[in-house]
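Per-entry structural report
Here is what each chain is made of, one letter per residue.
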Amino acid sequence: MAHLSIRNLSKTFVDQQVVNDISLEVKAGEFVALLGPSGSGKSTLLRMLAGFENPTSGRIYLADQPLHAEGIHVPPELRKFGMVFQSYALWPHMSVEENIGYPLRVAGIKGDEKRLRIKRALETVQLEPLAKRDPSSLSGGQRQRVALARCLVTEPQVVLLDEPLANLDRHLRATMEEHFRSFHQRTGATMIYVTHDQGEAMSLADTIVVLNQGKIEQTGSAQQIYGSPKNAWLAGFIGSGCVLKVPVVSDQDVLTAEKLQVLLSAKLSECSRQVFIRPQFVVISNDQGLEACVCACVYKGERYEISLKLLNGQKIQSYHQRPLNIGAKTRVFIHQAKLLEDAR
Amino acid sequence: MRSLLKNVNQKAWLTFFLLLIVFLLSVLPSIQLLVKALQNITLGENSTLVSVFKEPITWLALGHSLYTAGLGTLIAVLLGSSFAFVLTLTNIRLPALWVFCFMLPMMIPPQITALSWLQLFGPASPILNTLGIAPALGSPQPMYSAFGIALLLGIQHAPLVYLALRAQLICLPNHYIEAARVCGAQSTQVWRDIIIPLAWPGLISGTALAFVAGLGNFGIPAMLGIPAGYVVLPTLVYQKMAGFGSDMLGEVASLSILIALIVFATVLAQQWLSKRASYPLAGPEQQKILFSLGKWRLLTESTLAIILCFILIAPLLALIISSLVPALGMALNTETVTTAAYVEILFRQESTLRAFINSFSLASSSAIVLMLVSLPIAYQISSYSLQWRTLIVSIIEIPFAIPGIVLAVALILLFAKPIPLVNIHIYGSIWIIFLGYLCCFLSVCLKPVSASLSQLDKSFVEAAKIVGAKPLQLLRHILWPLTAPAIFAGGLLVFLISVNELTVSALLWSAGNETLGVMMFNLDESGDSVLASALSVLVVILVATLMALLSLFAAKLPKGVIPWLT
């Protein structure tokens, strides 16, 4: 099975360590998203998995067979992976059909079987009528579906996706996400998906690996990453919310709602720990909670996003059904907060 | 695991193949020269190298070479780039015809260009005599000057600049221009801020090509410089060779080391400049840029026509006229016109027919061989780090850059004895000329291929690798179709340059193995300039026919393959 094992992988370009000692186990059939801002090393990590970049140190195993280890480097053409590129990488001198059939051609599959498999791949991405067209005459979404079909046609055990939706508009992304999801369900392939878009990562992946400056910040399900970010950087990177300072509490303390109101009204000079508060856990009401002053109010369609300032000067975000005047005095009640790792 | 080995083998074979070709075609002749130049360096002050460098004539010739090649490059860049910009990017009428005419000067051998210009302006000018306005006998010939040399070098090498620049320009996507216009840029600003900076790598490589070619040109300074006592490095080499001094080969080798150094510096400068200014462009499938010239179109067309008249029509006319008169210097009229020269060449002299066959088979076989090897070599080179790439490209550049005569000397030094192991004697056969052409023109074919390869989106290659394409499959299925235009352009360049080649074959030919260039030179030297003119008229007609034939096949070739069909 296609269990992928990454051990102490590092990559240094001339003067810069891009990937720094990353270890990661990807179970067979798992859908893993590598999520991070640009420059976090996620693409380099993916390109090392593909075999395009040589790691500076570390090892990669697929089902206990080394892909990269001391003295061994399996070149990309022998890894039997599939890959979808941000730029689609459809060869301009081949038709849609020829592009999709190319992996079969190099594998020596010919005749009826080749035709049948191309036809099935085209059906899966719903592009049968475009088989004879040139890639240059297709739209971005269609091109990416051709690229997906090209990847599908050999049923690879591991599929690498390098920001495949970055060049598509929002509406198309949702459709393409659906294509990726059904692709994953049908083939059971192990999928590694590089993205900087947390929405994509959360809606597609079983496991999200958040990368920052060449290191893994946190690994977990979408719920774990969103619900319990480990540190202030993660909290700021995933979803929206605010990091606020509170006085010393021990990691064992349960942060009840009552306790939170007390902690958050403390003077800043007494504060040394941080908590992370999502806007949906901050309720604006006139009769309970901390006093606050409205700083900003932005209409978001389904609700208003309100920024408020607490008496001790810290900012907090909330949602509200009605607009509030800027400068208005009100109260906020904080239901939940997550204690972040001690910064020291 | 076995497939892994096979794959590694393919890579290893490719590398071995590259190194072997580079070694045989580029390193070995250069080493031979270096060894010859440094043979007695231990003598210090009295060694060949030092004494050559102490001679004032060496420095005089160096100065002259730099001056004529520099000025010639300037003229070539002005001519080549204005034609490239106008013909590639504007709505001028009949662009294919213009390009066709503009490419012709490159195919006319340099010594014939020189001859035709001499006849155009000298007291014996058939045109001026026919018109009755020839200068008096004994008045100075204006072409016998540094400027005359530079002008002809410029005209001869302008198509090199044109081709290099055009290859870059057809890869410019229209939306870059549209984006600039949306930002409010006027046409002149679009040119200055977008087109010229993006065309810069092409312009630089064209400039370098023209300079290097000008530095190594022998035919033009030989015809125009020697009578005026104006010596440049290649003619100095030639004169030393003819002089048969005590250590002639050593001196010649020392001089060519000097030229190689200048060329090396040029290549370094070109790579440094284009490294700073190379951007990934999308490839020639986008919508073409087309500037409307509006009311300026007629004026532009007339200007081009006048330039072409001057650089092509007039000299060609002089050539044709001097091939139709009974003897050089006679005026052409209904009384004197004769086709005797053509009859002589085509039906009497066996050697001229043989020269045609030799030159055409040499040119086409070198073009085909070089087209076959240039893609694997370019691909292999592209995977190396910048330093190695620079080194290998410079090494490949050397045989093209050193004067053909020097390369010929190196080949003579190499093959005077039979090839070891196989014991085959190629000196005195046509194979040594063939080898000389391969050495000389590898870089000509490689340059456009390398340029086109470096412009390809990397993911095209990566996508092929990830689906399992082995190196040879990658070359055949993906890189070959995508770089075919550049490969064909390279092959065509090789053919056009080698079919009229004189300098390499001048020393390597033997009875029965004459090339067209040698034939023309011999006829001209022995005073038969009428026959020489007739022969070169035939060559021009043949090559023009060949170009026209290629145009007929254009529909079946990938877009952009044929330079004069935009």
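See the structure above.
So, here's what we can say about the structure.

What counts and how
Residues numbered from 1 in each chain as written. Chains lettered and ligands numbered in written order. Predicted model: local features only at pLDDT ≥ 70, side-chain atom pairs only at ≥ 80, totals over all residues. Heavy atoms only, no water. Helix = DSSP H or I, 4+ residues; strand = E, 2+ residues; numbered from the N terminus. Buried < 20%, exposed > 50% of the residue type's maximum accessible area, 1.4 Å probe, protein only. Contact = heavy atoms within 4.5 Å. Areas by Shrake-Rupley, 256 points an atom, 1.4 Å probe, with all protein chains shown as cover. Lys, Arg positive; Asp, Glu negative; His and termini not counted. Charge placed at Lys NZ, Arg CZ, Asp CG, Glu CD. Polar contact = N/O pair within 3.5 Å; in protein donor to acceptor, adjacent residues only side chain to side chain. Buried area = accessible area lost by both parts, 1.4 Å probe. Salt bridge = Lys/Arg side-chain N within 4 Å of Asp/Glu carboxyl O. Phe/Tyr/Trp six-rings, centres within 6.5 Å; stacked < 30°, edge-to-face > 60°. Lys NZ or Arg CZ within 6 Å of the ring centre and 35° of its normal. Pairing = 2+ DSSP bridges. Axes fitted to C-alpha atoms, helices over the stretch in contact; angles between N-to-C directions. Parallel < 35°, antiparallel > 145°, perpendicular 65-115°, else oblique. Nonpolar A, V, L, I, M, F, W, Y, C, P; charged D, E, K, R; others polar. Left-handed = near helix turned anticlockwise from the far one by under 90°. Expected span 1.5 Å × (residues − 1). Bend = angle between axes of the 7 residues up to and from the residue. 1 Å grid on protein atoms, 1.4 Å probe; cavity = no way out; pocket = protein on both sides within 12 Å on 5 of 7 lines; lining within 4 Å. Points joined across faces, edges and corners; volume = space filled by probe spheres on them.

Here we look at the overall build of chain A
Helix and strand content of chain A: nine helices and 19 strands. With respect to the principal axes defined by its C-alpha atoms, chain A has extents near 75 × 45 × 35 Å. When the 344 residues of chain A are sorted by exposure, 51% land in the buried category. In chain A, the proportion of contacts linking residues at least 24 apart, taken out of those at least 6 apart, comes to 67%. Carbon and sulfur atoms make up 48% of the accessible area of chain A, which totals about 16,100 Å². Measuring between centres, the 40 positive side-chain charges of chain A sit 2 Å from its 35 negative side-chain charges.

Details of the side chain of glutamine 218 of chain A
All names here are of chain A. Within the secondary structure layout, glutamine 218 lies in strand E11 (residues 215–220). Looking at glutamine 218, its side chain comes within polar contact range of the main-chain nitrogen of lysine 230, at 3.1 Å. Each residue touching glutamine 218, except ones within four places of it in the same chain, is listed here: Ile208, Val209, Val210, Gln224, Ile225, Ser228, Pro229, Lys230 and Leu234.

Some thoughts on the interface of chain A and chain B
Bring the parts together and some accessible area is lost; that lost area is often taken as the interface size. In this assembly, 24 residues from chain A lie in contact with 24 residues from chain B. Summed over both partners, the interface of chain A with chain B buries about 2,100 Å², with 66% contributed by carbon and sulfur atoms. For the salt bridge of arginine 47 of chain A with glutamate 462 of chain B, the shortest nitrogen-to-oxygen distance reads 2.6 Å. Our count for the contact surface shared by chain A and chain B stands at eight residue pairs in polar contact (both at pLDDT 80 or more). For the side of chain A that touches chain B, the secondary structure elements donating two or more residues are helix H1 (42–50), strand E7 (81–84) and helix H2 (96–106) of chain A. Ranked by residue count, the leading element in the side of chain A that touches chain B is H2 of chain A, at four residues.

Describing the packing of aromatic side chains
Residues and elements named next belong to chain A. Tallied over the full model, the rule gives 15 aromatic pairs over all chains. Taking 5.0 Å as the distance between ring centres and 75° as the angle between the ring planes, the aromatic pair formed by tryptophan 91 and tyrosine 102 counts as edge-to-face. Within this pair, whereas tryptophan 91 is found in the loop between E7 and H2, its partner tyrosine 102 is found in helix H2, the two being separated by eleven residues in sequence. Across the pair, tyrosine 102 and tryptophan 91 agree in class, each one buried. Taken together, the ring pairs in this structure connect Phe31, Phe180 and Tyr193 into an aromatic cluster. Sitting over the face of the ring of tyrosine 226, arginine 278 holds its NZ or CZ atom 3.7 Å from the ring centroid. Over the ring of tyrosine 319 we find arginine 303; its NZ or CZ atom is 3.5 Å from the centre of that ring.

Here we look at the pairing of strand E13 (residues 271–277) of chain A
Residue and element names in this part refer to chain A. Counting buried residues in E13 gives five out of seven residues, a clear majority hidden from the surface. Where strand E12 (residues 242–247) lies against E13, six bridges are found, and the strand directions are antiparallel. When the sheet's bridge partners are listed, valine 246 is paired in E13 with arginine 273. Bridge count for E13 against strand E19 (residues 338–339) is two bridges, and the pairing is antiparallel. Within the sheet, the bridge partner assigned to valine 275 lies in E19 and is leucine 339.

What about the packing of helix H3 (residues 56–89) of chain B against helix H11 (residues 233–243) of chain B?
All names here are of chain B. Between H3 and H11, the shortest axis-to-axis distance is 8 Å and the interhelical angle comes to 140°. Considered as vectors, H3 and H11 are oriented oblique to each other. On H11, the residues that touch Ile57, Thr58, Ala61, Leu62 and Ser65 of H3 are Leu233, Pro234 and Leu236. Looking at side-chain class alone, the contact of H3 with H11 contains six nonpolar, two polar and no charged residues.

With respect to the packing of H2 of chain A against helix H20 (residues 471–499) of chain B
Close contact between H2 of chain A and H20 of chain B brings their axes to 12 Å; oriented N to C, the two are set at 155°. The pairing of H2 of chain A with H20 of chain B is recorded here as roughly antiparallel in orientation. Seen from above, H2 of chain A lies across H20 of chain B with right-handed handedness. Along its contact with H2 of chain A, which presents Tyr102, Arg105 and Val106 of chain A, the element H20 of chain B presents Gln473, Leu474, His477 and Ile478 of chain B.

Here we look at the environment of glutamine 10 of chain B
Residues and elements named next belong to chain B. Following the sequence through the fold, glutamine 10 ends up in helix H1 (residues 2–37). With 462 residues separating them in the primary sequence, glutamine 10 and leucine 472 have C-alpha atoms 7.2 Å apart. Beyond its immediate chain neighbours, meaning those up to four positions away, glutamine 10 contacts Lys470, Pro471 and Leu472.

Brief notes about helix H15 (residues 350–382) of chain B
Between the first and last C-alpha of H15 of chain B there are 47 Å, a value that for 33 residues agrees with the 48 Å anticipated at 1.5 Å per step. Maximum bend of H15 of chain B: about 30°, positioned at serine 374 of chain B, with proline proline 376 of chain B one to four residues after it.

So, the pattern of salt bridges
In the structure shown here, the tally under the stated rule is 19 salt bridges over all chains. Connected through shared salt-bridge partners, Lys11, Arg47 and Glu53 of chain A together with Glu462 of chain B make up one network.

So, unusual backbone geometry
Residues and elements named next belong to chain A. Even without glycine at this site, aspartate 21 takes up a positive phi of about 55°. Structurally, the position occupied by aspartate 21 is in strand E2 (residues 16–26). Residue class for aspartate 21 comes out partly exposed when judged on its relative accessible area of 44%.

Comments concerning the layout of surface pockets
Residue and element names in this part refer to chain A. Quantified by volume, the second largest pocket comes out at close to 790 Å³. Every residue lining the second largest pocket is counted, 31 residues in all, and those nearest its centre are Val74, Glu77, Leu78, Arg79 and Lys80. The leading source of residues in the lining of the second largest pocket is strand E5 (residues 65–69), at three residues.

Structural notes on helix H13 (residues 297–324) of chain B
With 28 residues, H13 of chain B should cover 40 Å at 1.5 Å per step; its first-to-last C-alpha distance of 37 Å lies within 8% of that length. The largest bend along H13 of chain B measures about 45° and falls at cysteine 309 of chain B.

A look at empty space enclosed by the protein
Residues and elements named next belong to chain B. Counted under the stated rule, the structure contains five cavities of 30 Å³ or more. For the second largest cavity, the calculated volume is near 70 Å³. In terms of lining residues, the second largest cavity is bounded by Pro105, Ile108, Thr113, Ser116, Trp117, Ile155, Ile311, Leu312, Pro315, Leu316 and Leu319. Where the lining of the second largest cavity is concerned, the elements lending two or more residues are helix H5 (110–121) and H13. Counting residues per element, the lining of the second largest cavity draws most heavily on H13, at five residues. Tallied by class, residues from the lining of the second largest cavity come to nine nonpolar, two polar and no charged.

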